[in-house]
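Chain residues, written in single-letter form:
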Amino acid sequence: MKKQWIKQIAFPLLAALIWGTAFVFQSEAAVHIGPFTFNTVRGVLAFLSLGLILLGRDLWNKRKGNKQEESVPAEKRNIKALLIGGFLCGTVLAVASNLQQLGLGSTSPGKAAFITALYVVLVPAFSLFFGKKARALVWIGVALATVGLYFLCITDTMVIETSDFFVFLCAFCFAAHIIIIDRVSPHFNGVELSCLQFLVMAVESAVLMLIVESPTWEAMLACLWPLFYVGVFSSSVAYTLQILAQKNSNPTVVSLLLCMESVFAVLAAGVLTGQWLSSREWIGCVLMLIAVVLAQLPKGIFKKKTE
């Protein structure tokens, strides 16, 4: 029971805390380096971290004489399929991460976190294209999230800021990333797939970095800690915690806890940078958080129990 509690509650809460505080470090890094440089370094650090985990696992299994491959279905050892899945996941993640980092150059960390959280209500909407109908609560959540975005993003002149628009687009990409992960992850080892997707993200970001930006070692050293935190903790550690939490657990409970990253982001921004939101923006945050919760509530929760 204690082990199940740690896996289903403590792991996702810790992942949400890491992701939420990462918005502050991403915003700090945006002052020194461009988004493509940031995500190149982030992807490399995540790839190396996860690679070391996989290497340690293999060495441990070899030392103990564990024949792990024999217990893995043949399709999970399909290297070609793994490469294709990793390429798709990594490409979408690269687009999402770079759009998010572009937005963080101008918007506050807490605001960016809540707009990014819109992916939670976008996922069931996108699922319609795969023949999965959304419940009434989901559409109510979408409506509330739209109103919340209005309070968060629309200025007095009725114009959406460019930085907010970038983060808004990244929410769509993260929703697509979740759907792709949902379809391909059952066929592969989760850590291997994550390791490969970060490699793809790093390579694709590096190409754009060399074309658009002119990174310097001085600039990267100026934000060394934010790069390390996001690359190692926010990417490799938090994603691993998410994988462990979702294995044989209640997905609704885990998803709700992971959505707490938005709350942690606002709190972290206020404590570490003093960037507290205005009253209008707080209203938007509350509405979006309600939308996130409604979208993840289990089916029939408001129905009366009958004998």
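Further up the page is the structure itself.
The rules behind each value
- Residues numbered from 1 in each chain as written.
- Predicted model: local features only at pLDDT ≥ 70, side-chain atom pairs only at ≥ 80, totals over all residues.
- Heavy atoms only, no water.
- Core = buried A, V, L, I, M, F, W, Y, C linked by side-chain atoms within 4.5 Å.
- Buried < 20%, exposed > 50% of the residue type's maximum accessible area, 1.4 Å probe, protein only.
- Contact = heavy atoms within 4.5 Å.
- Phe/Tyr/Trp six-rings, centres within 6.5 Å; stacked < 30°, edge-to-face > 60°.
- Helix = DSSP H or I, 4+ residues; strand = E, 2+ residues; numbered from the N terminus.
- Salt bridge = Lys/Arg side-chain N within 4 Å of Asp/Glu carboxyl O.

Chemist: Explain the nonpolar core to me, and be specific about the residues and the numbers.
Modeler: Formed by 60 residues in total, the largest nonpolar core has its most connected members in Ile33, Leu118 and Phe198. Ignoring any residue separated from it by four or fewer positions in sequence, one finds leucine 118 in contact with Ala145, Leu149, Phe168, Ala171 and Met288. Ranked by size, the runner-up nonpolar core spans 6 residues in total, among them Leu82, Phe188, Leu193 and Leu196.

Chemist: Could you give an account of the packing of aromatic side chains, with specific residues and numbers?
Modeler: Enumeration according to the criterion identifies 7 aromatic pairs in this entry. An angle of 75° between the planes, with centres 5.9 Å apart, marks the rings of phenylalanine 228 and phenylalanine 233 as edge-to-face. In textbook terms, an aromatic cluster arises when at least three aromatic residues are bridged by ring pairs, as seen for Phe25, Trp225, Phe228, Tyr229 and Phe233.

Chemist: So what's going on with the side chain of glutamine 26? Which residues, and what values?
Modeler: The topology assignment puts glutamine 26 in helix α1 (residues 2-30). By relative accessible area, glutamine 26 is classed as buried at 4%.

Chemist: Give a description of the pattern of salt bridges that names residues and reports values.
Modeler: Counted by the stated rule, this structure contains 2 salt bridges. Residues aspartate 58 and arginine 57 are paired through a salt bridge, measuring 3.0 Å at the closest nitrogen-oxygen approach. Across the salt bridge formed by glutamate 192 and arginine 57, the nearest N and O atoms sit 3.2 Å from each other. Pair noted here: glutamate 192 is in helix α8 (residues 190-212) and arginine 57 is in helix α2 (residues 35-64), with a separation of 135 residues, a long-range link. Bridged by salt links that share partners, the residues Arg57, Asp58 and Glu192 form one connected network.

Chemist: Provide a residue-level description of helix α4 (residues 109-116), including the pertinent values.
Modeler: The buried count for α4 comes to 8 of 8 residues, which makes it a mostly enclosed element. Within the sequence span of α4, burial applies to Pro109, Gly110, Lys111, Ala112, Ala113, Phe114, Ile115 and Thr116.

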